[in-house]
Amino acid sequence: ASAVTDYIVESVLLPNKKVKEGFNSIQVSTKDGQDLAGILVRESTEELVLRDATNKEISVPKKNIESRKMGGSLMPAGLADILSPGERLDLFRFLIELGKPGAFDAARGNVARVWRVNTSVPADGQEKILQSNPLDKGWTPIYTTVSGALLRSDLEQEQGGGHKSEPIFAAARFQTAKGGPVKLKLTGANSPKAWVDGKPAGGDNEITLDLPAGLHTFLLKANTSDLAAQVKLECPDATFLAE
């Protein structure tokens, strides 16, 4: 345990001291003046594909590469410098617990950890919201805690700290591998108004629907004043998307 703790602390404070094999970055300068850096995903005779620090894949035609060289970690040095000693301890403790069974287990895909919210819906705009794509402009991503708890305080902040009587729409997307009954459990919202793929899903906290295989969208309409401090959406029959 001590060795793990030392490794985590050193990795945060000195990210380039020890870089795990396969995680060294590649730094590329292109003939059109771009400077790119990322982890090598794949390489062919025609292109180089890198994954940058935002997890986005970048394709670089080899004929456009001016130079390339090995770099260090994608994590910049000095990120912890702005933290107080107490905040650093909190960060290290969180990283040490991350992935272990319990509140910090991020391995389970059956809980929504990314919601997209829309707070600027006019009174007569509900039908338009039901038909919209949460990835469209006007929707803002909000991330839950590692355990999947969507904090009411984050929703209130998205509303600007006020107008709690105005409804907020929150969407979570999930994938089902096969068609059939799907059970959704929503906690922290009393008598919720919910839709799945634009169709009413009832006003209960436990919802069972017959859905085809594929991508689906759960949509919640609520006033933040009516929500508990934490809201959680779970489904043992599906995998929620983390994007």
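Residues numbered from 1 in each chain as written. Predicted model: local features only at pLDDT ≥ 70, side-chain atom pairs only at ≥ 80, totals over all residues. Heavy atoms only, no water.

Colleague: Would you mind going over the sheet that holds strand β15 (residues 227-234) with me for this structure?
Modeller: Two modes of strand pairing occur in sheets, parallel and antiparallel, and in both the strands are linked by backbone hydrogen bonds. Within the open sheet, the four strands sit side by side as β8-β15-β10-β13. Their pairing is antiparallel. Each edge of the open sheet is held by one strand with a lone partner, namely β8 (150-151) and β13 (206-211). Two strands pair when backbone bridges link them, and strand β10 (residues 180-189) and β15 are joined in this way by four bridges, in the antiparallel orientation. Considered in β15, the bridge of T187 is made with K232. (Pairing = 2+ DSSP bridges. Helix = DSSP H or I, 4+ residues; strand = E, 2+ residues; numbered from the N terminus.)

Colleague: Sorry, what's going on with the environment of L233 here?
Modeller: Within the element layout of this structure, L233 appears in strand β15. The exposure class of L233 is buried, given its relative accessible area of 0%. Taking the C-alpha atoms as reference points, L233 and G148, separated by 85 residues in sequence, lie 7.6 Å from one another. Contact partners of L233, with chain neighbours within four places excluded, come to N110, V111, A112, W115, A172, L184, K185, L186, F218 and F240. (Buried < 20%, exposed > 50% of the residue type's maximum accessible area, 1.4 Å probe, protein only. Contact = heavy atoms within 4.5 Å.)

Colleague: Sorry, what's going on with helix α1 (residues 2-13) here?
Modeller: In an α-helix, one turn spans 3.6 residues; hence positions three or four apart end up facing the same way. In this model, α1 (twelve residues) spans 17 Å end to end at C-alpha, consistent with the 16 Å of a helix rising 1.5 Å per residue. I8, E10 and V12 are the residues of α1 that are buried. (Expected span 1.5 Å × (residues − 1).)

Colleague: Just to check I follow, could you spell out the sheet that holds strand β4 (residues 57-61) for this structure?
Modeller: Here we have five strands laid out as an open sheet, ordered β4-β3-β2-β1-β5, and antiparallel in their pairing. Of all strands in the sheet, those bounded by a partner on one side alone are β4 and β5 (65-70). Strand after strand, the sheet turns through a mean of 45° between neighbouring axes, direction not considered. In this sheet, β4 lies alongside strand β3 (residues 47-51) in antiparallel orientation, the contact comprising five bridges. Pairing of L48 across the sheet is with V60, part of β4. (Axes fitted to C-alpha atoms, helices over the stretch in contact; angles between N-to-C directions.)

Colleague: I would appreciate a short explanation of the pattern of salt bridges in the present structure.
Modeller: Side-chain pairs of opposite charge can arise where the charged atoms are in close proximity. The tally for this structure, following the rule as stated, stands at eight salt bridges. Its salt-bridge partner being K18, residue E10 comes within 3.7 Å of it at the nearest N-O pair. Under the relative-accessibility criterion, E10 is labelled buried at 19%. Across the pair R93 and E97 runs a salt bridge, and its minimum N-O distance is 3.3 Å. (Salt bridge = Lys/Arg side-chain N within 4 Å of Asp/Glu carboxyl O.)

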